[in-house]
There are 4 protein chains.
Amino acid sequence: MRVLFIGDVMAEPGLRAVSLHLPDIRGEYDLVIANAENSARGKGISKRAYRTLIEAGVDLITLGNHAWDHKDVYELIETAPIIRALNYPPGTPGKGYWVFTHGEERLLVVQVMGRVFMDPLDSPFLALDRLLEEVEAEYVLVEVHAEATSEKYALAHYLDGRVSAVLGTHTHVPTLDAVILPGGTAYQTDVGMTGTYHSVIGGETETFLARFLTGRPQPFRAAKGPARFHATELVFENGKVRAISPYIWEEPWTPSEY
Amino acid sequence: MRVLFIGDVMAEPGLRAVSLHLPDIRGEYDLVIANAENSARGKGISKRAYRTLIEAGVDLITLGNHAWDHKDVYELIETAPIIRALNYPPGTPGKGYWVFTHGEERLLVVQVMGRVFMDPLDSPFLALDRLLEEVEAEYVLVEVHAEATSEKYALAHYLDGRVSAVLGTHTHVPTLDAVILPGGTAYQTDVGMTGTYHSVIGGETETFLARFLTGRPQPFRAAKGPARFHATELVFENGKVRAISPYIWEEPWTPSEY
Amino acid sequence: MRVLFIGDVMAEPGLRAVSLHLPDIRGEYDLVIANAENSARGKGISKRAYRTLIEAGVDLITLGNHAWDHKDVYELIETAPIIRALNYPPGTPGKGYWVFTHGEERLLVVQVMGRVFMDPLDSPFLALDRLLEEVEAEYVLVEVHAEATSEKYALAHYLDGRVSAVLGTHTHVPTLDAVILPGGTAYQTDVGMTGTYHSVIGGETETFLARFLTGRPQPFRAAKGPARFHATELVFENGKVRAISPYIWEEPWTPSEY
Amino acid sequence: MRVLFIGDVMAEPGLRAVSLHLPDIRGEYDLVIANAENSARGKGISKRAYRTLIEAGVDLITLGNHAWDHKDVYELIETAPIIRALNYPPGTPGKGYWVFTHGEERLLVVQVMGRVFMDPLDSPFLALDRLLEEVEAEYVLVEVHAEATSEKYALAHYLDGRVSAVLGTHTHVPTLDAVILPGGTAYQTDVGMTGTYHSVIGGETETFLARFLTGRPQPFRAAKGPARFHATELVFENGKVRAISPYIWEEPWTPSEY
Ligand SMILES: [Fe+2]
Ligand SMILES: [Fe+2]
Ligand SMILES: [Fe+2]
Ligand SMILES: [Fe+2]
Ligand SMILES: [Fe+2]
Ligand SMILES: [Fe+2]
Ligand SMILES: [Fe+2]
Ligand SMILES: [Fe+2]
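From a predicted model like this one, the values you see are computed outputs, not experimental measurements.

## Considerations on the overall build of chain A
So, point 1. The helix and strand inventory of chain A stands at six helices and 13 strands.
So, point 2. A compact globule built from 258 residues would reach a C-alpha radius of gyration of about 18 Å, and chain A, at 17 Å, matches this within 12%.
So, point 3. Dimensions of chain A, computed from C-alpha atoms along their principal axes, come out at roughly 50 × 40 × 35 Å.
So, point 4. Within chain A, the proportion of its 258 residues that are buried is 65%.
So, point 5. Sequence separation of 24 or more characterises 66% of the internal contacts of chain A that already satisfy a separation of 6 or more.
So, point 6. Taking the average location of the 23 positive side-chain charges in chain A and that of its 34 negative ones, the two points are 6 Å from each other.

This is the structure in structure tokens:
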């Protein structure tokens, strides 16, 4: 089973990258997952962003700390193939995991959120312990949406040998540490953002700089610019992960455009 | 001018990686810089760690938020080629930058520390503005020791076209985003740790996991394990940066060892 | 010289408390200062809120981390008796201190912002050192707008004997520790909010609870309810502070109303 | 039933205050509770500190985020009348609540820890919901050990009418807001520290100032100085709280001593 996980799709450049490139490679994968917590101009997911992603070939959408920024999410999350972090408190709309059936095999996809430098939630470690007791699947892909590298590595080692893969998101920067851990679990600290890197993690450089320089609040505006597509490819086989590799595509552009 | 910047050298595995590998490649570089804030068993720099690095061929050592963890630093920083972050308050021991002369050219190396999710310090943006007014050099290499990807990208764009390169450190995870920005400045969000990745960012996995699982303080212990050497190579030429590329070496090991 | 310092005036209940009560006692003071960072429905200061406070008898307005939340501030701060924190970076609109002349004596009023659990700014300690070198006045009143009790106490001891009084704001809860420190400086960790305490620090209880219970963002709404007026009274005499005392007034209300 | 709750007993001055004063007033209370998370020189609880408190008349000890700083706690917490926060994860040593029987009435005492600006733990709100379902008692006293005033007020309103009293600790500064809330629950944001206020929240002023001024780590040392005793008195009657009032005592001292 070949799976492509697309990192935080950010605003118009992110949607454009997915629309332009995913159809060309869709046939190579059995399943495509995309983190879309920033797809609606940087803040949450809208119906329009949802349709764009689905039409381009995405099968499952995950969210993150920006999950609730756009009101459309409350309708989408009840009906569409979308998950939010598992370790929200009981009673949270939507669900924290999704199970795919591919041939005779099942793939469980689950997202948890970190707590270091982030909002307080239930323990991602214990939430996963409980889920892995309850749900059976040949393959398990865990997305850890977190800020601190320590928390991501800790979770990866905690799960090593118990799940197929642990992929990080949220920092909007791809990491160069994709690896198969000693216990057999594939891991990468961050898949990276799909959007424009002519920006401050997808936001307009000028307003971000104004924030850092003045110490005063500034409007958030998503950046425009040439887009990069950052994803991670996973190959599952015989009950294990066989390969993990970053996948990058860049929108053709000429310096004069931007 | 060819420069190698070695990311956070962490504890014994980090020192071992530098000792084993740097001598083999030292001849290819005009200058070798290493971040050694974690070289003394994870906490600061000791005289022993300092000697190990210098003997292996390091020319300049930089520190970080762990700069002051080992008392030896107070003596070392007065005499040895070591810098701490520039944006500490006036009166801080040591200095925040260093100037190398290579042939007829000068390279200014400076470290600043970020403030997001970190301790309060003076503005890294304004501290650099002042330094760049005062010190002249053909090439400027800025190390940004920071947690948040947003602050690192913001600083890179702020300096784009004004300095030769901006390299991030501190997260202990190498990033896959080395680039030459539109204004001509080379940039990478994090060089990555030189140490063992069989760990939680260099710390012992068991004690880190205990911290996350129990919520109670745990002793810090540096991890043992096979080492990786993570550095970034920069080539300066005709007043500009010509190339930036991650450089990785891994200690030979067999699974049975670890 | 008798000075009344009114703590964070929060939304309509805060403005109402000042309008209803300040005129009755205005004659007992030579100078009335009010923190109004939350006077415009909780977020910044508006022209309407400004007029209400001035008409009720306030002489000088201070702000805080919410200074810039309402756009009216940019016009007000250029012309009106309003100060923002001194330790914003150079180039910040407005000024960080104000000097009153009362008879032959001068009172310097200055606000600094803390940095622990707050946004990065310049050092409040060093900013005050510089100001106290530059500006001469018989009496100095320092407002420290800060979250952490440790930072407030540290600043008070740092200034003890060098300024007349240090008053804290920002937590919206009055403290029971008004004191004259060994060096002669009056100090209180927090003056407390002027607004309704049938709330979560002035915000609507329901929405605040929803935030804590769901972990999802909620709209901010200022609370309605019976208002309390929390201020601190300072008496300056012969170059020193003679007395510090909390001053409280509560709007008459009957349980059936709220 | 008359209960005295003594705020964070800090280091030697805190123990001295309790030893000197509590025996004189012990007879007026049916139950005396003390927060002792800082009793062992500021860091946790030792056997010696424990004995001092018990001999002075304390019936129950509570802890906080410093609970685990001194290794003696692991033995004490298994056998002695000591509780730690309820919302630690399952498997944490000790227990999070205690039930007293006084005549025919039961008083449940429970501590929860806040999560804003503190370490991640389980939700204090939901942990209390579960406990209040399980344990029956005529009176319930909740200690909320937390930094943010917003979280403390939110919890108080959440519990208003369901418990007898909510008392805050941790900031080491007593608040002037003791109140009986509309639903009948007594509340105070912080009881305040029992220790010396010639300090930075109990720590030595010089080292704390050095930390703020240099941005470099400093040794922690508890301060010496004249002690204050800060407690809150609660009167329970006919199933309800009848009164809440701060109780303060100050060690006699002359300026020349300190
Ligand atoms: Fe994101
Ligand atoms: Fe995120
Ligand atoms: Fe480091
Ligand atoms: Fe660091
Ligand atoms: Fe405020
Ligand atoms: Fe504030
Ligand atoms: Fe404490
Ligand atoms: Fe505490």
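The structure having been displayed, the exposition proceeds.
## Quick word on the relation of the copies chain A and chain B
So, point 1. For the pair chain A and chain B, the best superposition has an RMSD of 0.0 Å and corresponds to a rotation of 180 degrees with a translation of 0.0 Å parallel to the axis. Overall, the copies show the geometry of a two-fold rotation axis. Taking C-alpha positions as reference, the residue of chain A nearest the rotation axis is T175 of chain A, located at 2.0 Å.

## Looking at the interface of chain C and chain A
So, point 1. Facing 13 residues of chain C, the contacting portion of chain A comprises 13 residues.
So, point 2. Between chain C and chain A lies a buried interface of about 950 Å² when both sides are counted; carbon and sulfur atoms form 56% of it.
So, point 3. Counting every contact that joins chain C to chain A gives zero salt bridges.
So, point 4. Counting across the interface, chain C meets chain A through two residue pairs in polar contact (both at pLDDT 80 or more).

## Regarding the coordination of the iron ion (ligand 3)
Residues and elements named next belong to chain B.
So, point 1. Bound to the iron ion (ligand 3) are the protein donor atoms D8 (OD), E37 (OE), N38 (OD1) and H172 (NE2), situated 2.1 to 2.2 Å from the metal.
So, point 2. The sequence pattern describing where the donors of the iron ion (ligand 3) fall on their chain is D-x28-E-N-x133-H.
So, point 3. Here the iron ion (ligand 3) and the iron ion (ligand 4) are spaced 3.5 Å apart, linked through E37, which binds each one. Separated by 30 residues along the polypeptide, D8 in the loop between β1 (2-6) and α1 (11-25) and N38 in the loop between β2 (31-35) and α2 (47-56) bring together distant segments of the chain.

## Concerning the interface of chain A and chain B
So, point 1. Listed per partner, the contact involves 34 residues of chain A and 34 residues of chain B.
So, point 2. Summed over both sides, the interface of chain A with chain B buries roughly 3,000 Å², with 78% coming from carbon and sulfur.
So, point 3. Connecting chain A to chain B are zero salt bridges.
So, point 4. Between chain A and chain B we count six residue pairs in polar contact (both at pLDDT 80 or more) in total.
So, point 5. The set of elements that each furnish at least two residues to the side of chain A that touches chain B consists of α4 (124-134), α5 (149-159), α6 (205-214) and β13 (240-250) of chain A.
So, point 6. With seven residues, α5 of chain A is the single largest residue contributor to the side of chain A that touches chain B.

## Things to note about the coordination of the iron ion (ligand 1)
Residues and elements named next belong to chain A.
So, point 1. Protein ligation of the iron ion (ligand 1) involves D8 (OD), E37 (OE), N38 (OD1) and H172 (NE2), the donor distances falling in the range 2.1 to 2.2 Å.
So, point 2. Considering all four donor atoms around the iron ion (ligand 1), angles at the metal cover 87 to 163 degrees and the coordination shape is irregular.
So, point 3. Mapping the donors of the iron ion (ligand 1) onto the primary sequence yields the spacing D-x28-E-N-x133-H.

## Details of the UniProt feature "binding site: Fe cation 1" (unreviewed entry) in chain A
All names here are of chain A.
So, point 1. Per the UniProt record, "binding site: Fe cation 1" (unreviewed entry) is annotated on D8, E37, N38 and H172. These annotated residues cover 165 residues of sequence, but their C-alpha atoms sit close together, with the largest distance between any two at 11.4 Å.
So, point 2. The topology assignment puts E37 in the loop between β2 (31-35) and α2 (47-56).
So, point 3. With near-sequence residues (within four places) excluded, N38 lies in contact with D8, V9, M10, A11, K43, G44, H66 and H172.

## Some thoughts on helix α4 (residues 124-134) of chain B
So, point 1. Of all the positions in α4 of chain B, only P124, F125, A127, L128 and L131 of chain B are classed as buried. Around the axis of α4 of chain B, the buried residues are gathered within 160 degrees of arc, so they sit on the same side. Exposed residues lying more than 90 degrees from the buried face of α4 of chain B are E133 and E134 of chain B.
So, point 2. Summarising the contacts, the buried residues of α4 of chain B are in contact with α6 of chain A together with β5 (97-102), β6 (105-113), β7 (139-145) and α5 (149-159) of chain B.
So, point 3. Residue S123 of chain B occupies the N-cap position of α4 of chain B, its side-chain oxygen lying 3.2 Å from the main-chain nitrogen of F125 of chain B.

## Details of the confidence of the model for chain A
So, point 1. Scored by pLDDT, chain A comes out at a mean of 97, with 100% of its residues at no less than 70.
So, point 2. Overall fold confidence (pTM) sits at 0.97, and the ipTM for the predicted complex is 0.96.

## A few points about the packing of aromatic side chains
So, point 1. Under the definition given, this model contains 38 aromatic pairs over all chains.
So, point 2. Consider the rings of F229 of chain B and Y247 of chain B, whose centres lie 6.0 Å apart with planes at 80 degrees: the pair is edge-to-face. Remark: Y247 of chain B occurs in strand β13 (residues 240-250) and F229 of chain B occurs in strand β12 (residues 227-237); sequence separation between them is 18 residues. Note on accessibility: F229 of chain B and Y247 of chain B belong to one class, buried.
So, point 3. An aromatic cluster is built from F125 and Y158 of chain A together with F208 and F212 of chain B, whose rings are joined through pairwise contacts.
So, point 4. Its guanidinium or amino end placed over the ring of Y197 of chain A, R228 of chain A lies 5.9 Å from that ring's centre, counting from NZ or CZ.
So, point 5. Across from the ring centre of F208 of chain B, 4.7 Å away, lies the NZ or CZ of R211 of chain B, which sits over that ring.

The rules behind the values
- Residues numbered from 1 in each chain as written.
- Chains lettered and ligands numbered in written order.
- Predicted model: local features only at pLDDT ≥ 70, side-chain atom pairs only at ≥ 80, totals over all residues.
- Heavy atoms only, no water.
- Helix = DSSP H or I, 4+ residues; strand = E, 2+ residues; numbered from the N terminus.
- Rg over C-alpha atoms; globule rule 2.2 N^0.38 Å.
- Buried < 20%, exposed > 50% of the residue type's maximum accessible area, 1.4 Å probe, protein only.
- Contact = heavy atoms within 4.5 Å.
- Lys, Arg positive; Asp, Glu negative; His and termini not counted.
- Charge placed at Lys NZ, Arg CZ, Asp CG, Glu CD.
- Least-squares fit on C-alpha atoms with pLDDT ≥ 70 in both.
- Buried area = accessible area lost by both parts, 1.4 Å probe.
- Salt bridge = Lys/Arg side-chain N within 4 Å of Asp/Glu carboxyl O.
- Polar contact = N/O pair within 3.5 Å; in protein donor to acceptor, adjacent residues only side chain to side chain.
- Donors = N, O, S within 2.8 Å, 3.2 Å for Na, K, Ca; no water.
- Tetrahedral: all angles 85-135°; square planar, octahedral: opposite > 155°, others 65-115°.
- UniProt positions renumbered as here; feature names shortened; annotations may be inferred.
- Arc of directions from axis to C-beta.
- pLDDT = per-residue confidence, 0-100.
- Phe/Tyr/Trp six-rings, centres within 6.5 Å; stacked < 30°, edge-to-face > 60°.
- Lys NZ or Arg CZ within 6 Å of the ring centre and 35° of its normal.

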